[in-house]
Amino acid sequence: MTTPSASLPAAEIGVIGGSGFYSFLDDIEEVQVDTPYGLPSDRIAIGDLGGRRVAFVPRHGRDHRYPPHKIPYRANLWALRSLGVRQVLAPSAVGSLTPAYGPGTLAVPDQFVDRTSGRAQTYYDENAAIHVSFADPYCPVGRTVAVETARKAEWEPVDGGTLVVIEGPRFSTRAESRWYAAQGWTLVGMTGHPEAVLARELALCYTPLCLVTDLDAGIEEGEGVTMEEVYRVFAQNIDRLRAVVSDVVSSLPADRTCPCARTLDGMTLPLELP
Ligand SMILES: CSC[C@H]1O[C@H](OP(=O)(O)O)[C@H](O)[C@@H]1O
Ligand SMILES: Nc1ncnc2[nH]cnc12
């Protein structure tokens, strides 16, 4: 396990819970981690799971006080790294852009498209230009483990696809939604960016686990997406999602052989990473 910053408890795997996923671990130690980017969304819960030391942070805060465009993404990832975390799992509620992936589908996308604006999306914005490779935004090892683990749990996941990340907090219009679908994008959410790129900038592995809660507005006739629908469908699936995330935690390799770990090799960084 990587040594955490002095005086902080140690963890190796981080889980960032999304809408409807506000707690995860039993027998936790809670820690408030301050960062150069302010406080994370909430205190971080640390506990044992399947023989691994895990840190959990609810992305929106446990009372869902942060809308997607106000989440302290930089603080969240920095805080996890400060604890020693090197692999991050990111469960999230998403809409589907295809009737083939109905509510209750689990998807592990392999690409995303950023349609957000104005979010702080880098740690490297002064004193040096650092450009990380990001052609494949997610950890290949984490994705494989997630897909295989879901299969073993008999929850056949969608392996691959493109998540379009919108600025929100409103849901999409029908025209926007049809346009996203016409591009071949398969899922829509509000938090996948800048979370994934900030993880990469800290050389962390990042694996999305997307639970489809609704067919987006352009796909289904009717009233359009509502928050109530998202929470209701998420609540119907939270137990099996928690179980899969737990199994993924125990199945992640202890040593990283993926390119994520080597992201910053050879670069002279303008700041010291925790
Ligand atoms: C609660 S409805 C929209 C909200 O749900 C998703 O959150 P998360 O990705 O954290 O699970 C979506 O991105 C929006 O933030
Ligand atoms: N349809 C949708 N659009 C954006 N984010 C979502 N999260 C859950 N469903 C969503």
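All values reported here derive from a predicted model rather than from experimental measurement.

Conventions we followed
- Residues numbered from 1 in each chain as written.
- Chains lettered and ligands numbered in written order.
- Predicted model: local features only at pLDDT ≥ 70, side-chain atom pairs only at ≥ 80, totals over all residues.
- Near = placed C-beta within 6 Å.
- Helix = DSSP H or I, 4+ residues; strand = E, 2+ residues; numbered from the N terminus.
- Nonpolar A, V, L, I, M, F, W, Y, C, P; charged D, E, K, R; others polar.
- UniProt positions renumbered as here; feature names shortened; annotations may be inferred.
- Contact = placed C-beta atoms within 7 Å.
- Expected span 1.5 Å × (residues − 1).
- Buried ≥ 20, exposed ≤ 12 C-beta atoms within 10 Å, placed from the backbone.
- Axes fitted to C-alpha atoms, helices over the stretch in contact; angles between N-to-C directions.
- Parallel < 35°, antiparallel > 145°, perpendicular 65-115°, else oblique.
- Left-handed = near helix turned anticlockwise from the far one by under 90°.

So, the site of ligand 2: which residues are in play, and what are the values?
In the neighbourhood of ligand 2, 14 residues make up the surrounding shell, with Ala93, Gly95, Val188, Asp216 and Val225 lying closest. Those elements giving two or more residues to the shell around ligand 2 turn out to be strand S5 (87–96), strand S10 (187–189) and strand S11 (205–215). A breakdown of the residues in the shell around ligand 2 according to their chemical character gives eight nonpolar, four polar and two charged.

Go over the UniProt feature "site: Important for substrate specificity" (unreviewed entry) in the protein chain, please, and point to the residues and values.
Mapped onto this numbering, the UniProt entry gives "site: Important for substrate specificity" (unreviewed entry) at Ser172 and Met227. Of the residues just listed, which span 56 residues, no C-alpha pair is farther apart than 12.6 Å, and they cluster in one region. Look past the residues within four positions of Ser172 in its chain and what remains in contact with it is Ile166, Ser177, Val188, Asp216 and Ala217. For Met227, the location among the structural elements is in helix H5 (residues 227–251).

Talk me through helix H2 (residues 140–152); I want residue IDs and the actual numbers.
Taking 1.5 Å as the rise per residue, H2 with 13 residues should run 18 Å; its terminal C-alpha atoms sit 18 Å apart, in good agreement. What H2 keeps buried is the set Gly142, Arg143, Val145, Ala146, Val147, Thr149 and Ala150. Just downstream of H2 lies Glu154, where phi reads positive at about 60°.

Tell me about the packing of H2 against H5, and please be specific about residues and values.
Following both chains from N to C, one finds H2 and H5 inclined at 125°, their axes separated by 9 Å at the closest point. Relative to H5, H2 is oriented oblique. Between H2 and H5 lies a crossing whose hand is right-handed. Residue-level inspection shows Val145, Ala146, Thr149 and Ala150 of H2 in contact with H5, the latter providing Val244, Asp247, Val248 and Ser251. Residues belonging to the contact of H2 with H5 are distributed by class as follows: five nonpolar, two polar and one charged.

Break down the environment of Gln32 for me, citing the residues and quoting the values.
Inspection of the secondary structure assignment puts Gln32 in the loop between strand S2 (29–31) and strand S3 (44–49). For the pair Gln32 and Leu215, spaced 183 residues apart in sequence, the C-alpha separation works out to 37 Å.

Give me the lowdown on the packing of helix H1 (residues 73–82) against helix H4 (residues 192–201), citing residues and values where you can.
Contact geometry for H1 and H4: axes closest at 9 Å, N-to-C directions at 35°. The chirality of how H1 crosses H4 is right-handed. Residue-level inspection shows Tyr73, Arg74 and Leu77 of H1 in contact with H4, the latter providing Pro194, Glu195, Leu198 and Ala199. Counted by class, the contact of H1 with H4 contains five nonpolar, no polar and two charged residues.

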